[in-house]
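A structural walkthrough
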Amino acid sequence: MLKIIKNEWLFLVRSRIFLGISVAFIAILLLSVFLGNYQTQKQAHTHDTAKEHVRQQWVSIDDMNAHSAAHYGTYVFKPSNLLSSLDEGVNSITGNVLKVEGHVQNEITHSEASQMQSISRFGKLKPSLLLQYIVPLLLVFLAFNSVSNEKQSGRFKLLVLQGAKPLQIILSKTVSVWLYGVLLLTFILGVYGVLTFQNLTSEILTRTLLFFVSYALYYFIISGLTVFFSARWQNATLALTAMLGIWIIWTIFLPNILMSSAEKWHPLPSRSEFQAAMKEDRAKGIDGHNPADERSEALKQKVLKEYKVDKISDLPINFSGIRLQADEEYGNSVWDKHFGSNRAILKNQKESVQLGGIINPFISLQNTSMGFMASDNLHHQEFLLQVENYRRVFIKMLNDKYTHSKRTAEHNGNADNAFFRSVPDFEYQPTTISAVFSNYVLDLSLLIFWSLLVIVLIIFGTKKIQIV
């Protein structure tokens, strides 16, 4: 097998057309990596600048009512992801800025896609675009006549007469084509590693290795199927047509069909429905039996009893602060209910799409590519959850200060600059691969399943291959 693989590569490197295409494609790969890395660095700089500017505005507040500061709020910026240089996933359409303030949980805004002049079906020039769509096509064009051409020239029969088994020949052809895809993949990851060497961590290396494994498995599936078709059919054009048809179905039609079906099976509420339901639950109570005015009155009686006074004016604290915090906590439970419901629906959608990998390995590839590069919806939802948890700490600190800053003859009830400086800034904690790996075991398993299926297909299909 090694001799056949070596001869295949000697034949390829002697081909000017192959070398020309390879050089041109490598140049495009280099361009995509450099552009992706440049954009990521630019976004990181913009993020750091904006974050520092907003923080300086906050710590510069002097002598302000704490509740007014809660309305003033602050902004949280989604940090740029070093790994998104390879696959930006959903990051370009999910938004980057989230305002943190009292009484309301705002939606994330200012997505990159909303600020683009034109939106392509396949997105920007990113390594993932080339690795998912173009490299498989190159492998198909390299492999479609690999065996049929040998048959027509009589070389296949000669190799068999020299002692090579048909199975060895076909596997060798498959590995030869597959290695070309693996080398391109290794090249692009190597360049990425050089450009980001100073920022590399064990987490990034682990994610990149899993990224490599996913693509290597998919390339083997493409290479093996194409070589198998080339071996089974005398007509190379028929093998090419069949494989191109499969490529189109896998990459264009089935993903759209599966995603549309998942959205119908597990529909999300519209934005207007979601907001209306949130507003209604906050006003009327989650169960419809505990409206806001009743909750306020019950809280008032509870506080008066606790401090053993008859009137709010006799309280040593600011009752408005207690009421505001109680309303926040109730709003938090409403948010947990509706946002948790949406997260459950999104999880069901994702699992439904993942099962599509049984008939389409490209779905599994896309899932693992985004997941291991921390640019999928699961990572985005985790970011939103961290921001909401921060918002609750942020607002509670302000409400507690407002509660214990009752206006008196000696004090105007405002918080000073030292307090505002003590309010912590938001710090995003990246999700580790160990925490999300279980979400993609199914996708990796399906890619392995398809690879084994291709091997079985080649082994049993070889028996029916005509030598002449």
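The structure reproduced in this document is the subject of the present report. (Residues numbered from 1 in each chain as written. Predicted model: local features only at pLDDT ≥ 70, side-chain atom pairs only at ≥ 80, totals over all residues. Heavy atoms only, no water.)

Here's the deal with the nonpolar core
Where a protein is soluble and globular, its nonpolar side chains tend to be buried together. Put simply, the rule reads: Side-chain atoms within 4.5 Å link the members of a nonpolar core, which is a set of buried Ala, Val, Leu, Ile, Met, Phe, Trp, Tyr and Cys residues. Exposure classes here rest on a 1.4 Å probe applied to the protein chains alone. A residue is buried below 20% of its type maximum, exposed above 50%, and partly exposed in between. Helix and strand definitions follow DSSP, with helices as H or I runs of at least four residues and strands as E runs of at least two, each counted in order from the N terminus. Residues are treated as being in contact if the distance between any of their heavy atoms lies within 4.5 Å.
Among the nonpolar cores identified, the biggest contains 63 residues, and Leu 131, Leu 185, Phe 211, Tyr 218, Tyr 219 and Trp 250 are the most heavily contacted of them. Secondary structure elements with two or more residues in this core: helix H2 (16-59), helix H5 (127-143), helix H8 (166-195), helix H9 (202-232), helix H10 (236-265), helix H14 (361-372), helix H17 (433-436) and helix H18 (441-461). With 15 residues, the top contributor of residues to this core is H9. Not counting chain neighbours up to four residues away, the residues in contact with Trp 250 comprise Tyr 218, Ile 221, Ile 222, Leu 225, Pro 255, Ile 359, Asn 360, Pro 361, Phe 362 and Trp 450.

Things to note about H14
Counted only if it meets this: Any helix carries an expected span of 1.5 Å times its number of residues minus one. Counted as a polar contact is a pair of N or O atoms within 3.5 Å, where, for protein atoms, one must be capable of donating a hydrogen and the other of accepting one, and residues adjacent in sequence contribute only when both atoms are in side chains.
With twelve residues, H14 extends 16 Å from end C-alpha to end C-alpha; this agrees with the ideal 16 Å at 1.5 Å per step. Within the span of H14, buried status applies to Pro 361, Phe 362, Ile 363, Ser 364, Leu 365, Gln 366, Asn 367, Thr 368, Ser 369, Gly 371 and Phe 372. N-capping of H14 is provided by Asn 360, with a side-chain oxygen placed 3.1 Å from the backbone N of Phe 362. Just downstream of H14, Ala 374 is the residue with a positive phi angle, here 55°.

Brief notes about the side chain of Asn 332
With respect to the helices and strands, Asn 332 occurs in helix H13 (residues 319-355). Contact partners of Asn 332, with chain neighbours within four places excluded, come to Gln 105, Glu 388, Arg 391 and Arg 392.

Here we look at the pattern of salt bridges
Counted only if it meets this: Take a side-chain nitrogen of Lys or Arg and a carboxyl oxygen of Asp or Glu: if they are within 4 Å of each other, that pair is a salt bridge.
What the rule picks out here adds up to eleven salt bridges. Linking Lys 337 and Asp 281 is a salt bridge whose minimum nitrogen-to-oxygen distance equals 3.0 Å. Of the two residues, Lys 337 is situated in helix H13 and Asp 281 in helix H11 (residues 271-284); the sequence distance between them amounts to 56 residues. With a relative accessible area of 38%, Lys 337 lands in the partly exposed category. Judged by relative accessible area, Asp 281 falls into the buried class, the value being 8%. Here Arg 391 ties to Glu 328 by a salt bridge, and the two come within 3.2 Å at their closest N and O atoms. Remark: Glu 328 occurs in helix H13 and Arg 391 occurs in helix H15 (residues 377-403); sequence separation between them is 63 residues.

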